[in-house]
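What follows is the residue order along each chain.
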Amino acid sequence: DAGVTQSPTHLIKTRGQQVTLRCSPKSGHDTVSWYQQALGQGPQFIFQYYEEEERQRGNFPDRFSGHQFPNYSSELNVNALLLGDSALYLCASSLEPGNSPLHFGNGTRLTVT
Amino acid sequence: RKEVEQDPGPFNVPEGATVAFNCTYSNSASQSFFWYRQDCRKEPKLLMSVYSSGNEDGRFTAQLNRASQYISLLIRDSKLSDSATYLCVVNDGTGGGADGLTFGKGTHLIIQP
């Protein structure tokens, strides 16, 4: 039973560039949520996708956008990267919206230089 | 006032000892509570849900105090492998997170031989 998988594992980008992170949910899960975790902080909610639509969104600028595909996999896109976007980006899946708990992937560590 | 607060620690505890830490939440309407464990540079993993009547899983005991709005985690006979960051997570449906989940910043626990 495959868990949540994310790619890539690590990424280094330059300020101003754009990045796309990918996530495949745990088998049987149809809801995908994205979190940003800065060093020493708890995960901060970016947004959640269900039925290919953004269902909830946290306090992140429009530079952060996402997509969910018919197979429930998801992408997180960040435009015009800033140094402060350097963080661990976590994808989590759940059985359905409102059905906690969340199952996290290993994360993508993004470094912006 | 922050929605979910935890003492960041670190808690330095000798192997075999019992350790407990709390997490306070601000929304009295909060409905669900969880403890996640996060190892260094890894993803959070669900440790246990916290039920109103309290619950135990092996050496771990979780308690909920609705009157004082806090949850607790107690670890008995601590092992070196218990060293990790413990994240308190509260689901109140309004936290703005996925399924209303709000994460604390975590409590860092170090078990010393």
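How each quantity is defined
Residues numbered from 1 in each chain as written. Chains lettered and ligands numbered in written order. Predicted model: local features only at pLDDT ≥ 70, side-chain atom pairs only at ≥ 80, totals over all residues. Heavy atoms only, no water. Buried < 20%, exposed > 50% of the residue type's maximum accessible area, 1.4 Å probe, protein only. Helix = DSSP H or I, 4+ residues; strand = E, 2+ residues; numbered from the N terminus. Pairing = 2+ DSSP bridges. 1 Å grid on protein atoms, 1.4 Å probe; cavity = no way out; pocket = protein on both sides within 12 Å on 5 of 7 lines; lining within 4 Å. Points joined across faces, edges and corners; volume = space filled by probe spheres on them. Nonpolar A, V, L, I, M, F, W, Y, C, P; charged D, E, K, R; others polar.

(A) Expanded view of the pairing of strand β3 (residues 19-25) of chain B. Residues and elements named next belong to chain B. Covered by surrounding structure in β3 are Val19, Phe21, Cys23 and Tyr25 only, the residues Ala20, Asn22 and Thr24 on the alternate face being uncovered. The pairing of strand β1 (residues 4-6) with β3 spans 3 bridges and is antiparallel. Counted as the bridge partner of Gln6 is Cys23 from β3. Bridge analysis of β3 against strand β8 (residues 70-75) gives 6 bridges, and the strand direction is antiparallel. In the strand pairing of β8, Ala20 is matched with Leu74.

(B) Region of interest: the layout of surface pockets. In this structure, the largest pocket occupies an estimated 1,000 Å³ of space. As for the largest pocket, its lining consists of 43 residues, of which Gln37, Gly40, Gln41 and Pro43 of chain A together with Lys105 of chain B are closest to the centre. Taken together, the elements giving at least two residues each to the lining of the largest pocket come down to β4 (31-37), β5 (44-50), β9 (87-94) and β11 (108-112) of chain A together with β1, β9 (84-91), β10 (101-103) and β11 (107-112) of chain B. Here the lining of the largest pocket is composed, by residue class, of 15 nonpolar, 20 polar and 8 charged. As for the second largest pocket, its lining consists of Thr9, His10, Leu88, Asn106, Gly107, Thr108 and Arg109 of chain A together with Arg41, Lys42 and Glu43 of chain B. A per-class count over the lining of the second largest pocket returns 1 nonpolar, 5 polar and 4 charged.

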